[in-house]
Amino acid sequence: ALLRADVVSIFPDYLAPLRLSLIGKAIDTGLVELGVHDLRTWTHDRHRTVDDTPYGGGAGMVMKPEPWGAALDAIVPAGSATTPRLVVPTPSGRRFTQAVAAELAAEQHLVFACGRYEGIDSRVMADAATRMRVDEISIGDYVLNGGEAAVLVMLEAVVRLVPGVIGNPESLTEESHAAEHDGLLEGPVYTKPTSWRGLDVPPVLLSGNHGAIAAWRRDQALERTRRVRPDLAPSPLDGVEGVVVGVA
Ligand code: SAM
């Protein structure tokens, strides 16, 4: 496999959709290897406890370090050939983007630690950092109940970038947020029929003029990006030769 991913969660069933669709196919064909682990496997008390009250007080519970330590030791044995990257989903992490997805897709082994409650005892990340690269990542500025949905989102974005997973690699460079596309949002797309409910496909797309089509698509992408996500739009000076922006 090009990529191995291990996910640890107290709700392993939550990760079942990873067996469907493109990711499922990448697993079936051996491009990607997936392990889903129940954190409670590494508890030893009758109630299989994974949480406790926070030191310093406050609302909610915190995930105990011992089960996490044992889980990570089992998944990443000491002296492993490769240094995995431990991805810890958290709203206090760096923001997940297409560029981060590409970084993760270049790894050989990713381990995901799904938090619940108020998160995982911080010493778990400190201890893991002695033998793994620890990467705390947020999928956006909102709070989920647990890391599982964040892992579904991240793996969905990462696995499609693993070479061979998507049949036509050009479909990856032509879409929204692709560096090859200057990070612009993609404009509207159309298929048959040419006219539907009184709405016509823009005639340029039927013209067969590849230069005109590329120029139209670029205009649409720029217009949409400026309107919907001005923060992603290139400044009007970008690409203008002879203009120095910023100081080295
Ligand atoms: N107390 C934490 C805080 O304020 O930063 C929030 C904990 S949240 C209720 C529970 C778990 O959901 C987190 O440990 C994390 O695994 C996951 N989670 C919540 N929001 C997330 C986000 N935006 N991105 C990634 N993971 C998130």
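Procedures and definitions
Residues numbered from 1 in each chain as written. Predicted model: local features only at pLDDT ≥ 70, side-chain atom pairs only at ≥ 80, totals over all residues. Domains from an automatic or database assignment. Near = placed C-beta within 6 Å. Helix = DSSP H or I, 4+ residues; strand = E, 2+ residues; numbered from the N terminus. Nonpolar A, V, L, I, M, F, W, Y, C, P; charged D, E, K, R; others polar. UniProt positions renumbered as here; feature names shortened; annotations may be inferred. Contact = placed C-beta atoms within 7 Å. Buried ≥ 20, exposed ≤ 12 C-beta atoms within 10 Å, placed from the backbone. Pairing = 2+ DSSP bridges. Axes fitted to C-alpha atoms, helices over the stretch in contact; angles between N-to-C directions. Expected span 1.5 Å × (residues − 1). Arc of directions from axis to C-beta. Right-handed = clockwise from strand over helix to strand, strands pointing away. Parallel < 35°, antiparallel > 145°, perpendicular 65-115°, else oblique. Core = buried A, V, L, I, M, F, W, Y, C linked by C-beta atoms within 7 Å.

A few points about the domain arrangement of the protein
For step 1, the next point in the chain: Entries for the protein in the domain assignment read domain 1 (3-159) and domain 2 (175-232).
For step 2, the next point in the chain: For domain 1 versus domain 2, the distance between C-alpha centres works out to 37 Å.

Let's talk about the site of the ligand
For step 1, the next point in the chain: Neighbouring the ligand are 19 residues; Pro-89, Gly-115, Leu-144, Gly-147 and Ala-150 lie closest to it.
For step 2, the next point in the chain: Take the shell around the ligand: its biggest share by element is 4 residues, from strand S5 (residues 85-95).
For step 3, the next point in the chain: Tallied by class, residues from the shell around the ligand come to 8 nonpolar, 9 polar and 2 charged.

With respect to the UniProt feature "binding site: S-adenosyl-L-methionine" (unreviewed entry) in the protein
For step 1, the next point in the chain: Mapped onto this numbering, the UniProt entry annotates "binding site: S-adenosyl-L-methionine" (unreviewed entry) at Gly-115, Ile-139, Gly-140, Asp-141, Tyr-142, Val-143 and Leu-144.
For step 2, the next point in the chain: With residues near it in sequence (within four places) discarded, Gly-115 still touches Met-63, Pro-89, Thr-90, Ile-120, Gly-146 and Gly-147.
For step 3, the next point in the chain: Gly-140 sits in the exposed class, given 11 other C-beta atoms within 10 Å.

Topic: the sheet that holds strand S2 (residues 32-38)
For step 1, the next point in the chain: A sheet is described by the order of its strands in space; here 5 strands give the open sequence S2-S1-S6-S5-S7, paired in parallel fashion. Of all strands in the sheet, those with a lone pairing partner are S2 and strand S7 (133-138), marking the two edges. Here the strands of the sheet are splayed against their neighbours by 30° on average, with no regard to which way each runs.
For step 2, the next point in the chain: Note that S5 and strand S6 (residues 109-113) share 3 bridges and pair parallel. Residue pairing across strands places Leu-86 opposite Val-111, the latter belonging to S6.

Considering the environment of Lys-192
For step 1, the next point in the chain: Within the secondary structure, Lys-192 sits in the loop between helix H6 (170-173) and strand S8 (195-196).
For step 2, the next point in the chain: Each C-alpha atom of the pair Lys-192 and Ile-75 lies 49 Å from the other, and the pair is 117 residues apart in sequence.

Concerning helix H5 (residues 148-159)
For step 1, the next point in the chain: With 12 residues, H5 ought to run about 16 Å at 1.5 Å a step, and its terminal C-alpha atoms sit 16 Å apart, in line with that.
For step 2, the next point in the chain: Every buried residue belonging to H5 is among Glu-148, Ala-150, Val-151, Met-154, Leu-155, Val-158 and Val-159, and all of these are buried. Down the axis of H5, the buried side of the element spans an arc of 145°, and every buried residue falls inside it.
For step 3, the next point in the chain: In this structure, the buried side of H5 is in contact with strand S1 (3-9), helix H1 (21-28), S2, S5, helix H3 (98-105) and S6.

Comments concerning the pairing of S6
For step 1, the next point in the chain: Counting buried residues in S6 gives 5 out of 5 residues, a clear majority hidden from the surface.
For step 2, the next point in the chain: Judged by which residues are buried, S6 turns out to be covered on both faces: His-109, Val-111 and Ala-113 on one side and Leu-110 and Phe-112 on the other are all buried.
For step 3, the next point in the chain: Direction of pairing for S1 relative to S6: parallel, over a ladder of 5 bridges. Counterpart to Val-7 in the pairing with S6 is Phe-112.
For step 4, the next point in the chain: Following the backbone out of S5, through H3 and into the adjacent parallel S6, one traces a crossover that is right-handed.

As for unusual backbone geometry
For step 1, the next point in the chain: Residue Pro-193 is bonded to the preceding Lys-192 through a cis peptide linkage, with omega at 0°.
For step 2, the next point in the chain: Phi at Arg-197 is positive, roughly 50°, even though this residue is not glycine.
For step 3, the next point in the chain: Looking at where Arg-197 falls in the secondary structure, it is placed in the loop between S8 and strand S9 (199-200).
For step 4, the next point in the chain: Looking at Arg-197, the number of C-beta atoms within 10 Å reads 4, which means it is exposed.

Comments concerning the environment of Leu-206
For step 1, the next point in the chain: Mapped onto the fold, Leu-206 is located in the loop between S9 and helix H7 (210-228).
For step 2, the next point in the chain: The exposure class assigned to Leu-206 is exposed, which follows from the 12 C-beta atoms found within 10 Å.
For step 3, the next point in the chain: In this structure, the C-alpha to C-alpha distance between Leu-206 and Thr-194, residues 12 residues apart in sequence, is 8.6 Å.
For step 4, the next point in the chain: Excluding residues that lie within four positions of it along the chain, Leu-206 makes contacts with Thr-194 and Val-201.

Brief notes about the packing of H3 against H5
For step 1, the next point in the chain: With their axes 8 Å apart at the nearest point, H3 and H5 run at an angle of 70° to one another. Comparing their axes, H5 and H3 come out roughly perpendicular. The segment H3 lies against H5, with Ala-101, Leu-104 and Ala-105 engaging Met-154, Ala-157 and Val-158.
For step 2, the next point in the chain: Classifying every residue of the contact of H3 with H5 gives 6 nonpolar, no polar and no charged.

Focus: the nonpolar core
For step 1, the next point in the chain: Among the nonpolar cores identified, the biggest contains 42 residues, and Val-7, Val-87, Phe-112, Ala-113, Val-151, Met-154 and Leu-155 are the most heavily contacted of them.
For step 2, the next point in the chain: Setting aside chain neighbours within four positions, we find Ala-113 in contact with Val-8, Trp-68, Leu-86, Val-88 and Ile-120.

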